Amino acid sequence: MSTPNAVPVSLAEIARIAGVGRAAVSNWRRRHTSFPTRIGGTDVSPQFSLAEVEQWLRDNGKLKDIGGREFLWPRFEALGSRDESGLAVAEAARRMRSPRARASQSELSADARKLVGEAAKLGRSEGPRETFEFLLQRWLETHVRQLSTTPPQLAALMTRIALAVRMGEDDEGLTVFDPACGTGHLPAAAAQEYDGSGLVVQACERDPALAALAGARLGFISEDRDVRSEIATADALREDPFAGARADIALCNPPFNERDWGYEELATDQRWTHGLPPRTEPELAWVQHLLSHLRPGGAAVVVLPPAVASRKAGRRIRGSLLRTGVLRAVVALPPGSAQPHSVSLQLWVLRAAPDSTVAALPSHDALLVDATRFAKPDAREPGPDWDALGSFVLSALDALDSPDDNPPENAIRVSLLDLLDDEVDVTPGRYTAASAEPSGLELAASWKELRTHLADLSDHVQHLSELGLEAETPQTTATVGDLVKAGALTLRAGQQPPETAASPRRAALPLLTVSDLLMDGTPSGLIPADSAHAVAEEGDVVIAGVVRAYKAWVHEGPPMALGPQLYALRVDPQKLDAHFLAGCLRAPANGRQAGTHASSSSRVDIRRLQVLQLPLEGQVAYAETFRRLTAFEALLTRADRLGKGLVSDVGDRLAAGGLTT
């Protein structure tokens, strides 16, 4: 029997330790009576003793040649508290770098201090930096829903932008400022991107665990580079630990939508040179806080939600930032660039006024850049096409101080006269969309594409209209539940993904949810492959089991994980045709009949769905007709979208006097 102090591990954790999929671990559990007994959790999500699992894996030859890190992490997770585990990881990193250092985190429990010592010893034998990065990554993955981090690629891009936009030389080194540094992604990127010497990092974080981890990360970086860092633990807006300090560049990914940011007590703060930020605009408080720490000509790049560019409450401050030439550019990023991944976040590029020895800039026009087209909706890697995105943004910013240079397509230099209207809206898409009129060749190509779609539609109409559809006659049917019992198909239900997020180091699958179906049908998330409960392979039938999004189709393409209320049916090809099955299930009447209630939010009982009972050879004609019906529906959608676009584009061209014949 396991002891009460046993470290619990899940099936997914065992799979990581053994280097196999979760299904393999479930198979071991069924086949081997010697597999450790569950010590906690539930039947669906059981937990086992780490020590017993390790012994079983070694005894049965299931343990691959891995280091001790995989066995180390569950013990950190077993500490329970997010803060204590984070502080313990940071303390272990400090002890790895300085073996003779005494413990500095007095608030750690006795178990945590003992674990810190063992982790430090393991790190010194297996590589201090590698061990710390492993533990940090696992800590971030475990608490992904409680934290908001800046992806390394975005952090690197922000650093490059700031270095390119700032004015002045760095003969005496470079000072980087980040008042909400989290675990140090932005300062770490600055240290990696800056190729000079004498880098000084001034950073602040109000969460002690995050601040400790940021300090540990920068401590390792300072071993290879000339970097001096100071990480303060404080609320930067309320208690600025670097008041009066000035930096060459400032980078920040501040917390969003926080109403309790200090509006009352900071009403007379001298940092609000562009106006007191409204209570509902904390992001504009962070913007002015960054500006207060910039040297003349220094640059700041800050991540902001898109609403900051257009909300009525902030228009006075936006107007002041534009009139003074401080707000130099706004870049709209593709969804998925950072948390929250469903939102097209923005980068605001700011620059403090140069000193009197530098000539004034010839123009205060703002550069608005729409980079949303660099999203990768079909890719299995997280985030946008970073290489293409970075090249585009940096090339667009080349035209920032060169009025004679034309920015690339989807970037536009907008004059203050156009921006300083009643709204002072600096959303890039508002201006770039209007400037990106289709050329004559593009219009001709669209008309040609529409003619092709209409010809295909005509072919489908002729075929479908000639079908011999008899009046309804009683037909023998079977439910999905009956077919499952008969072995004609298998049914797998999608589930809510775990808190652990996908990372570039772990195999990941795109995750489809009902919300995605209600948008454009493109998976919007990723899930670790070993945590997916239901995966749709090519040829599987996927069903959305909710009335408002009821749909059934044959999946084509790479494997895809399914979220709640989505189901995967895998047919026995000797008994069922997948397209025949999908066609039968797709019938609207079928979904209504199996719905649990009449409302659009009700669920569909998948096992009650009806399927015609036909021999395999009799299913072929039905399957082909169902295919054609699906293609007809898709063509209608594409033709409708293309036709409406042509009406809009041609209408704009005509209204502008573009008719030549």
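Computed from a prediction, not measured in an experiment: that's the story for all the values here.

1. A closer look at the sheet that holds strand β21 (residues 566-571)
- Sheet architecture is open: four strands sit in the order β14-β21-β18-β19, paired in antiparallel fashion. Every interior strand has two partners, whereas the edge strands, β14 (489-493) and β19 (551-554), have only one. Direction aside, the axes of adjacent strands within the sheet are offset by 20° on average.
- Strand direction decides the pairing type here: strand β18 (residues 541-544) and β21, joined by four bridges, are antiparallel. Within β21, the residue paired with I543 across the bridge is Y567.
- Docked against the sheet, helix α19 (residues 578-586) engages β14, β18, β19 and β21, running at close to 170° with respect to β19.

2. So, helix α7 (residues 128-142)
- A rise of 1.5 Å per residue sets the reference length of α7, with its 15 residues, at 21 Å; its end C-alpha atoms lie 21 Å apart and thus fit the reference within 8%.
- Within the span of α7, buried status applies to T131, F132, F134, L135, L136, R138, W139, L140, E141 and T142.
- In this structure, the buried side of α7 is in contact with α1 (11-18), α4 (69-77), α5 (82-97), α6 (110-126), α9 (185-193) and α10 (208-221).

3. Quick look at the packing of helix α16 (residues 440-465) against helix α21 (residues 616-655)
- Packing of α16 against α21 leaves a shortest axis separation of 9 Å and a crossing angle of 150°. Between α16 and α21, the angle falls in the class roughly antiparallel. Considering how the two elements wind past one another, α16 and α21 form a crossing that is left-handed.
- Here the residues of the contact of α16 with α21 are counted per class, giving 15 nonpolar, six polar and seven charged.

4. Quick look at the side chain of S85
- One can find S85 in helix α5.
- Polar contacts involving the side chain of S85 include one to the side chain of W139, which spans 3.0 Å.
- Leave out the neighbours within four places in its chain, and S85 touches F76, L79, W139 and H143.

5. Comments concerning helix α12 (residues 315-323)
- Of all the positions in α12, only I317, R318, G319, S320, L321 and L322 are classed as buried.
- Directly beyond the C-terminal end of α12, a positive phi value near 75° is found at G325.

6. Here we look at the confidence of the model for the protein
- Per-residue pLDDT for the protein has a mean of 85; in total, 89% of the residues score no lower than 70.
- Taken together, the stretch residues 357-362 has pLDDT below 50 and engages in six contacts with residues farther than four places along the chain or on a different chain.
- Contacts for the low-pLDDT stretch residues 596-601, under 50 throughout, to residues beyond four places or in other chains number nine contacts.

Each value, and the rule that gives it
Residues numbered from 1 in each chain as written. Predicted model: local features only at pLDDT ≥ 70, side-chain atom pairs only at ≥ 80, totals over all residues. Heavy atoms only, no water. Pairing = 2+ DSSP bridges. Helix = DSSP H or I, 4+ residues; strand = E, 2+ residues; numbered from the N terminus. Axes fitted to C-alpha atoms, helices over the stretch in contact; angles between N-to-C directions. Contact = heavy atoms within 4.5 Å. Expected span 1.5 Å × (residues − 1). Buried < 20%, exposed > 50% of the residue type's maximum accessible area, 1.4 Å probe, protein only. Parallel < 35°, antiparallel > 145°, perpendicular 65-115°, else oblique. Left-handed = near helix turned anticlockwise from the far one by under 90°. Nonpolar A, V, L, I, M, F, W, Y, C, P; charged D, E, K, R; others polar. Polar contact = N/O pair within 3.5 Å; in protein donor to acceptor, adjacent residues only side chain to side chain. pLDDT = per-residue confidence, 0-100.

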